[in-house]
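Structure at a glance
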Amino acid sequence: MCLDFLTMNYHFKFKDRESTVRIIQNIPTREEILSSFEEISSDNTPVLFVCDCHTKHIAERIRDGKGPPLCILEAGEKAKNLQSLEIILNAAKNAGFARDSLFIAVGGGVITDMTGFAASIYMRGAKLSFVSTTLLGMADAAVGGKTGIDYFERKNLAGTFYPAHSVYMPISVLRSLPPEQLKSGFAEIVKTLILDKESDDLSWEELKPLKDLLENGFENRTGSEKPNSASETQEQILERLVSVSVKIKGRIVEADPEETGEQRALLNLGHSFAHALESSAGLGVLSHGEAVAWGIVQSCVLGRILGITPESRARKISSLIKDLGYQSMAPHPAMQSIDAFMTALLDDKKKKNGVLRFIIPAERGAVLIRLDNKQIGLIQDIAAGACA
Ligand code: GLY
């Protein structure tokens with residue numbers, strides 16, 4: 001990894017593909033995006049913008065009246081399917097795409113994951129750029145090359161590793177996000193900070209003033225007035241945290257780009273508890289980030305019991321998550337029942353070759369552990385609140 005300090009550009013090498021992440025203030029122009037590809041000669045290269053109804057206005061602004069029509073997909077996880085993938089591939093074919101043509105995804109994780117997948121299989125690999133427009137996308141999905149669609153009711157059952165050549169993160173778009181989306185994305189930032197072996201949790205105190213932002217969103221979300229200084233400060237803190245997350249995630253992915261080792265799996269801190277909670281609450285009831293934040297707290301409880309997470313670190317992480325306004329108590333109020341939670345957890349285990357893997361905060365960073373069948377009761381006790 002290397003970093004241009006002046007521009008906040010991170011350059012990563014993920015296996016044989018290079019990727020530059022640019023954390024910028026405003027939405028990039030079409031020319032800016034095209035110029036990140038040395039071999040693209042501006043107007044002659046077919047370009048396809050892929051967006052959804054929430055990001056159409058951003059894609060239109062970047063397109064600036066030029067190029068083929070936008071490929072506008074339905075918004076949300078429900079649209080992350082084979083039909084949407086086909087729509088993208090058809091649009092590319094109709095736009096006269098060849099291997100050197102460029103897919104530009106403008107949106108959150110669903111849009112970037114699907115466009116990345118389409119680009120990776122179109123003529124065995126076309127050019128790809130992302131403009132990430134959500135905090136969840138910036139903190140996680142847009143970095144590291146995982147692409148995919150949900151299939152047979154399984155998340156990301158079909159997909160590839162195909163990092164975008166350039167990824168733009170225009171921080172000012174975060175202003176218009178509803179607070180639930182900021183809160184959901186922010187949990188992934190907290191997760192990534194915990195994984196950093198070097199940070200010594202340095203930014204903890206800095207995170208707490210963001211509670212109000214996560215509860216209420218930015219003031220003046222429509223952008224009709226000049227932002228006040230409190231909003232500017234919050235935006236600057238978010239910008240710094242996005243930058244730190246990109247750096248930490250990029251480093252982890254560089255070390256284990258296709259999750260063949262144990263490094264990249266660390267990015268699933270809190271996720272085993274979270275997936276079971278999301279399923280047991282009914283899909284869509286809780287945001288992913290809400291569930292991840294709760295899952296991180298339960299991972300601390302598990303780590304404490306197993307003697308992996310020092311008491312003081314477990315307390316620090318759990319109280320930060322609580323102070324930021326996330327639910328930390330077990331059982332989670334949205335959980336329909338402990339039985340439903342355990343059924344979902346064991347179903348997840350079946351899908352993962354029968355192994356229950358958890359990521360646990362350690363003295364620094366986190367470690368991966370595998371639980372045997374005898375320890376499953378412990379997870380049930382933690383989820384039921386019997387170990388707090
Ligand atoms: N979202 C986890 C990863 O990119 O590996």
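Above this text you will find the structure in question.
Residues numbered from 1 in each chain as written. Predicted model: local features only at pLDDT ≥ 70, side-chain atom pairs only at ≥ 80, totals over all residues. Heavy atoms only, no water.

Notes on the overall build of the protein chain
What the protein chain contains, in helices and strands, is 14 helices and twelve strands. In terms of C-alpha radius of gyration, the protein chain reaches 21 Å, essentially the compact-globule figure of 21 Å for 388 residues. Over its C-alpha atoms, taken along the principal directions, the protein chain stretches across nearly 65 × 50 × 35 Å. Counting only residues that meet the buried cut, the protein chain has 54% of its 388 residues in that class. In the protein chain, once contacts between residues fewer than 6 apart in sequence are set aside, the share between residues at least 24 apart is 73%. Roughly 17,100 Å² of accessible area belongs to the protein chain as shown, and the carbon and sulfur atoms make up 50% of that amount. Separation of charge centres in the protein chain, based on 44 positive and 49 negative side chains, amounts to 3 Å. (Helix = DSSP H or I, 4+ residues; strand = E, 2+ residues; numbered from the N terminus. Rg over C-alpha atoms; globule rule 2.2 N^0.38 Å. Buried < 20%, exposed > 50% of the residue type's maximum accessible area, 1.4 Å probe, protein only. Contact = heavy atoms within 4.5 Å. Areas by Shrake-Rupley, 256 points an atom, 1.4 Å probe, with all protein chains shown as cover. Lys, Arg positive; Asp, Glu negative; His and termini not counted. Charge placed at Lys NZ, Arg CZ, Asp CG, Glu CD.)

Section: the environment of Arg357
Residue position: Arg357 is located in strand E11 (residues 356-361). C-alpha separation for the pair Arg357 and Ala291, spaced 66 residues apart in sequence, amounts to 17 Å. For Arg357, the residues in contact, after removing those within four places along its chain, are Glu259, Ala265, Ser272, Leu368, Ile369 and Arg370.

Some details on the pattern of salt bridges
Going through the model one piece at a time under the given rule, you end up with eleven salt bridges. With its nearest N and O atoms 3.3 Å apart, the salt bridge here joins Glu258 to Lys15. With Glu258 in the loop between helix H9 (229-255) and helix H10 (271-281) and Lys15 in the loop between strand E2 (9-14) and strand E3 (17-24), this residue pair connects regions lying 243 residues apart in the sequence. In this structure, Lys146 engages Glu259 in a salt bridge whose closest nitrogen and oxygen atoms are separated by 2.6 Å. Of this pair, Lys146 sits in the loop between helix H5 (135-141) and strand E8 (149-151) while Glu259 sits in the loop between H9 and H10; the two residues are 113 residues apart in sequence, bridging distant segments of the chain. Overall, Lys146 belongs to the partly exposed group, its relative accessible area being 36%. In this structure Glu259 comes out as partly exposed when scored by relative accessible area, which is 24%. A network of salt bridges, in which partner residues are shared, links Lys183, Glu215 and Glu290. (Salt bridge = Lys/Arg side-chain N within 4 Å of Asp/Glu carboxyl O.)

Describing the packing of helix H11 (residues 288-305) against helix H14 (residues 376-383)
Orientation of H11 relative to H14, taken along the N-to-C sense of each, is 130°, at an axis distance of 10 Å. The orientation of H11 relative to H14 falls into the category oblique. The handedness of the crossing between H11 and H14 is right-handed. Mapping the contact onto sequence places Trp294, Gln298, Val301, Leu302 and Ile305 in H11 and Leu378, Ile379, Ile382 and Ala383 in H14. (Axes fitted to C-alpha atoms, helices over the stretch in contact; angles between N-to-C directions. Parallel < 35°, antiparallel > 145°, perpendicular 65-115°, else oblique. Left-handed = near helix turned anticlockwise from the far one by under 90°.)

So, the state of the cysteines
Using the criterion set out here, one finds zero disulfides in the structure. No disulfide involves Cys300; its sulfur sits 14 Å from the nearest other cysteine sulfur, which is in Cys387. Relative accessible area serves as the criterion here: at 1%, Cys300 is assigned to the buried category. Its relative accessible area of 18% is what places Cys387 among the buried residues. (Disulfide = S-S within 2.5 Å.)

Thoughts on H11
For H11, which comprises 18 residues, the first-to-last C-alpha distance of 26 Å matches the rise-based estimate of 26 Å (1.5 Å per residue) to within 8%. Taken across its 18 residues, H11 has 16 buried, putting it largely inside the fold. (Expected span 1.5 Å × (residues − 1).)

What to know about the site of the ligand
Surrounding the ligand, one finds Asp140, Lys146, Lys249, Arg264 and Leu267. Contact distances for the ligand include 2.7 Å between an oxygen atom and a side-chain N or O atom of Lys249. The side chain of Arg264 places a nitrogen or oxygen atom 2.7 Å from an oxygen atom of the ligand. Class assignment of the residues belonging to the shell around the ligand gives a composition of one nonpolar, no polar and four charged. (Near = heavy atom within 4 Å. Polar contact = N/O pair within 3.5 Å; in protein donor to acceptor, adjacent residues only side chain to side chain. Nonpolar A, V, L, I, M, F, W, Y, C, P; charged D, E, K, R; others polar.)

Description of helix H4 (residues 109-121)
Between its first and last C-alpha atoms H4 spans 18 Å; for 13 residues at 1.5 Å apiece the expected length is 18 Å, and the two agree. Burial runs high along H4: eleven of the 13 residues are buried. Among the residues making up H4, those that are buried are Val110, Ile111, Thr112, Asp113, Met114, Thr115, Gly116, Phe117, Ala118, Ala119 and Ser120. The positive-phi residue at the C-terminal boundary of H4 is Met123, with phi of around 50°.

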